[in-house]
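These are the residues of each chain, in order.
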Amino acid sequence: EAADEAQGELYDFLVVSNRLPVDRVEEASGSGWRRSPGGLVTALAPVMEKSDGAWVGWHGAPDEVLEPFEHEGITILPVPLTAQEVENYYEGFSNATLWPLYHDVIAPPEFHRAWWDSYQRVNQRFADAAAERAAEGATVWVQDYQLQLVPAMLRRLRPDLKIGFFNHIPFPPQEIFAQLPWRRQVLEGLLGADLLGFQRPNDAANFARAARRYARAAGKGSRLVVTDPAHDGEWSPRERTVRAEAFPISIDTARISELAERPEIIERARQIRHDLGDPTTIMLGVDRLDYTKGIRHRLKAFEELLTDGRARVGDVTLIQVASPSRERVEQYRILREEIEGTVGRINGTFDTMQHTAVRYLHHSYPVEEMVALYLAADVMLVTALRDGMNLVAKEYVAARRDGTGALVLSEFAGAADQLKQALLVNPHDIAGLKDAITTAISLPRGVAARRMKAMRRQIVVHNVEEWSASFLARLKEVCP
Ligand code: G6P
């Protein structure tokens, strides 16, 4: 039936990403699928439906080959990974080489040839899967750092395609990128696209500089001129233009805003405050448990405020949601130990029978609970040391319909470009961070409301639908 039909079909629009937009859920009747919470799916689902689209990606489990299937109107084309590939391509090259390298080497990147070999092989598998299912002249949109070789691999197989790529994480300055032993191959992989999207203009500029220096791209500004080699005698070398431009991603603002209006979610927010003993101020951090997020810096600042007596348990509580992430990668294990040690020390020192300093939750939650947390929080702390965008900052703003609440936001998160009225901080500057937190706690209502209103205006216009539409429109425009 549905699966059989999907067998040989060709699609006009393909999205290719490491993770599929569905998560497995175990039910009494066996296992099923649920749409993942991320904004990307929400943004692309309507495009998929309109244009006969399909999604190519990995379903998250090792050593399992799945047939194509339909889920809520989206055709899913699963790409399998072996346990060894999960280790070498995903945990290794993607998350212990590229991730730290692209995030300002906050943790030392590891370079291993076996990981690189696996990265190439898996990228080729994704490219083959997309090439096999793309209709003549189709649009293929490749996502993120796990798949940087796919654009050129696809072009070699299918020069008729329109190829877009979006990098969700930062692109590092040339001097740092230069450490990568396979820098030329990665740049050439990306240059297979017609349009390369980045979060900030700076990321696009970093890429363009690296491409001119290490991959011999010509051209000026965001316009890169490359020469493709002849391939199998089928086509002769030719010059091609590749654009590298900024398209800051956003959220489904209307959905978050709508959830924030629901009586049961408002009631849940009240309940959360009550359960914490109704402190005057609730501060909130919500992150994947990742060393890029600056969770340690945030805890340090809070601990010092408590020590200094500038904040007092009972008046202030910090809720820190740290969702489990990449738990088999060493740096993530180390970080978890450190954070849990710090939280234990802070609470051991400052908790009272009635109140806690830090309510730490190593869980992930459905979007309804997240919105309730946003509503419960007077102060949102986003202190990333480096972050491509940070959608939590935008979600907090989307949830604060009544204009109350203060956002402390790292200038090293892409979101700082759009949320200019936040209390911007350099998270490395602990004294400055403490001052910003203190200011946020006692921000006069009028000032808070003016700032929140300006930020809301920004994300209402620039939502995720506008993001994908503008990328795809630009891709159409630049394709010959
Ligand atoms: C970041 C990356 C995504 C990735 C996500 C979760 O946002 O840009 O590509 O999917 O983290 O990480 P994971 O390793 O669990 O896919």
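Above this text is the structure in question.
Predicted model, so just to flag it, every value in this text is computed and none were measured. Residue numbers run consecutively from 1 along every chain, following the written order of its sequence. Predicted model: local features are reported for residues with pLDDT of at least 70 only, side-chain atom pairs are reported and counted for 80 or more only, and whole-chain, interface and lining totals are derived from all residues. Side-chain metrics in this entry use all non-hydrogen atoms of the structure; hydrogen atoms and water are not considered.

### A word on the site of the ligand
Turning to step 1, where the next piece is worked out: Around the ligand sit Arg19, Tyr90, Asn95, Trp99, Asp144, Tyr145, Gln146, His168, Ile169, Arg288 and Arg326, and those are all the residues in its vicinity.
Turning to step 2, where the next piece is worked out: Side-chain polar atom of Arg19 to an oxygen atom of the ligand: 2.6 Å apart, as the coordinates give it.
Turning to step 3, where the next piece is worked out: Any pair of N or O atoms that falls within 3.5 Å is considered a polar contact. Within protein, one atom must be able to donate a hydrogen and the other to accept it, and sequence-neighbouring residues count only if both atoms are side-chain atoms. Within the side chain of Tyr90, one N or O atom sits 2.5 Å away from an oxygen atom of the ligand.
Turning to step 4, where the next piece is worked out: Surface accessibility in these figures is a Shrake-Rupley result with a 1.4 Å probe; residues are shielded only by whichever protein chains are displayed. Taken by itself the ligand offers 370 Å² of open surface, and the protein chains cover 71% of this.
Turning to step 5, where the next piece is worked out: The leading source of residues in the shell around the ligand is helix α3 (residues 83-102), at three residues.
Turning to step 6, where the next piece is worked out: Gly is put with the polar residues, along with every residue not named as nonpolar or charged; the nonpolar set is Ala, Val, Leu, Ile, Met, Phe, Trp, Tyr, Cys and Pro, and the charged set is Asp, Glu, Lys and Arg. Its residues placed into classes, the shell around the ligand shows four nonpolar, three polar and four charged. Residue proximity to a molecule or strand is established when one non-hydrogen atom of the residue lies within 4 Å of it. Helix and strand definitions here come from DSSP, where helices need a minimum of 4 consecutive H or I residues and strands a minimum of 2 consecutive E residues; each element is numbered from the N-terminal end.

### So, the pairing of strand β2 (residues 22-27)
Regular strands place their side chains on alternate faces of the sheet.
Turning to step 1, where the next piece is worked out: Note on pairing: two strands pair once DSSP finds at least 2 bridges between them. In this structure, β2 lies alongside strand β3 (residues 30-35), joined through six bridges in antiparallel fashion. In the sheet register, Arg24 faces β3, and the bridge partner there is Trp33.
Turning to step 2, where the next piece is worked out: What sits between the antiparallel neighbours β2 and β3 is a turn of two residues.

### Thoughts on the sheet that holds strand β14 (residues 358-361)
Turning to step 1, where the next piece is worked out: Pairing is parallel in the open sheet, where six strands are placed in the order β14-β13-β12-β15-β16-β17. On the outer flanks of this sheet lie β14 and β17 (423-425), each paired with one strand and no other. Strand-to-strand, the axes of this sheet are offset by a mean angle of 20°, without reference to chain direction.
Turning to step 2, where the next piece is worked out: Pairing of strand β12 (residues 281-288) with strand β13 (residues 316-323), which is carried by eight bridges, proceeds in the parallel orientation. Interaxial angle, 0 to 180 degrees, is taken between N-to-C directions of lines fitted to C-alpha atoms, where a helix line uses only the stretch in contact.

### Brief notes about helix α10 (residues 263-275)
Turning to step 1, where the next piece is worked out: Take the residue count of a helix, subtract one, and multiply by 1.5 Å to get its expected span. With 13 residues, α10 extends 18 Å from end C-alpha to end C-alpha; this agrees with the ideal 18 Å at 1.5 Å per step.
Turning to step 2, where the next piece is worked out: Buried within α10 we find Ile265, Ala269, Ile272 and Arg273. Angular distribution of buried residues about the axis of α10 spans 100°; they occupy a single face of the element. Exposed residues lying more than 90 degrees from the buried face of α10 are Pro263 and Asp275.
Turning to step 3, where the next piece is worked out: We call two residues in contact whenever any of their non-hydrogen atoms come within 4.5 Å of each other. Where α10 is buried, its residues contact α9 (253-259), β12, β13 and α13 (367-376).
Turning to step 4, where the next piece is worked out: After α10 finishes, the residue Gly277 shows a positive phi value of roughly 85°. The buried label applies to any residue whose accessible area, calculated with a 1.4 Å probe on protein chains only, is under 20% of its type's maximum; exposed applies above 50%, and partly exposed to all values in between. By construction, the arc corresponds to the directions joining the helix axis to the C-beta atoms.

### Observations concerning unusual backbone geometry
Turning to step 1, where the next piece is worked out: Unlike most non-glycine residues, Glu72 shows phi in positive territory, near 45°.
Turning to step 2, where the next piece is worked out: Here Glu72 is to be found in the loop between β5 (69-71) and β6 (74-78).
Turning to step 3, where the next piece is worked out: Using a relative accessible area of 51% as the deciding quantity, one classes Glu72 as exposed.
Turning to step 4, where the next piece is worked out: The phi angle at Val105 is positive, at roughly 45°, despite the residue not being glycine.
Turning to step 5, where the next piece is worked out: Position of Val105 relative to the elements: it lies in the loop between α3 and α4 (113-133).

### Details of the pattern of salt bridges
Turning to step 1, where the next piece is worked out: Take a side-chain nitrogen of Lys or Arg and a carboxyl oxygen of Asp or Glu: if they are within 4 Å of each other, that pair is a salt bridge. Following the criterion strictly, the structure yields 30 salt bridges and no others.
Turning to step 2, where the next piece is worked out: Its salt-bridge partner being Arg296, residue Glu338 comes within 2.7 Å of it at the nearest N-O pair. Placement of the pair is Glu338 in helix α12 (residues 330-350) and Arg296 in helix α11 (residues 295-308), with a sequence separation of 42 residues.
Turning to step 3, where the next piece is worked out: With a relative accessible area of 35%, Glu338 lands in the partly exposed category.

### What to know about the sheet that holds strand β11 (residues 238-246)
Turning to step 1, where the next piece is worked out: Read from one edge to the other, the open sheet built from nine strands follows the order β5-β6-β4-β1-β7-β8-β9-β11-β10, with strand pairing classed as mixed. Bordering the open sheet on either side are β5 and β10 (223-228), each of which pairs with just one other strand. On average, each strand axis in the sheet is inclined to that of its neighbour by 25°, with strand direction left out of account.
Turning to step 2, where the next piece is worked out: Examined bridge by bridge, β10 and β11 share six bridges and lie antiparallel to one another. Note on β11: the bridge partner recorded for Val226 is Arg240.
Turning to step 3, where the next piece is worked out: Sitting on the sheet, helix α5 (residues 150-157) is in contact with β7 (134-143), β8 (162-166), β10 and β11, with an inclination near 175° to β8.

### Observations concerning helix α14 (residues 391-399)
Because the α-helix completes a turn every 3.6 residues, residues three or four places apart line up on one side.
Turning to step 1, where the next piece is worked out: Among the nine residues of α14, seven are classified as buried, and the element is accordingly described as predominantly covered.
Turning to step 2, where the next piece is worked out: All of the buried residues along α14 are Val392, Ala393, Lys394, Tyr396, Val397, Ala398 and Ala399.
Turning to step 3, where the next piece is worked out: On its buried face, α14 sits against α9, β12, α13, β15 (379-382), β16 (406-410) and α16 (445-461).
Turning to step 4, where the next piece is worked out: The backbone nitrogen of Val392 has a side-chain oxygen 3.1 Å away, supplied by the residue at the start of α14, namely Asn390.

### Some remarks on the packing of aromatic side chains
Turning to step 1, where the next piece is worked out: Between 30 and 60 degrees the pair is tilted, below 30 it is stacked and above 60 it is edge-to-face, where a pair is any two Phe, Tyr or Trp rings, Trp via its six-membered ring, whose centres lie within 6.5 Å. Across all of its chains, the model carries 21 aromatic pairs by this definition.
Turning to step 2, where the next piece is worked out: Ring centres of Tyr374 and Tyr396 lie 6.3 Å apart, and the angle between their planes is 75°; on these two criteria the pair is classed as edge-to-face. Of the two residues, Tyr374 sits in helix α13 while Tyr396 sits in helix α14, which places them 22 residues apart along the sequence. The same class applies to Tyr374 as to Tyr396, namely buried.
Turning to step 3, where the next piece is worked out: Of the aromatic side chains, those joined through ring pairs into one cluster are Tyr89, Phe93, Trp116, Tyr119 and Trp182.
Turning to step 4, where the next piece is worked out: We call a charge positioned over a ring when the NZ of a Lys or the CZ of an Arg lies within 6 Å of the ring centre and within 35 degrees of the ring normal. Sitting above the plane of the Trp99 ring, Arg326 keeps its charged end 4.2 Å from the centroid.

### Some points on the environment of Ala357
Turning to step 1, where the next piece is worked out: Within the fold, Ala357 resides in the loop between α12 and β14.
Turning to step 2, where the next piece is worked out: Using a relative accessible area of 0% as the deciding quantity, one classes Ala357 as buried.
Turning to step 3, where the next piece is worked out: Taking the C-alpha atoms as reference, Ala357 lies 18 Å from Ala436; in sequence the two are 79 residues apart.
Turning to step 4, where the next piece is worked out: Among all residues touching Ala357, those that are not within four sequence positions of it are Phe302, Leu306, Val313, Thr317, Leu318, Ile346, Asn347, Phe350 and Asp351.

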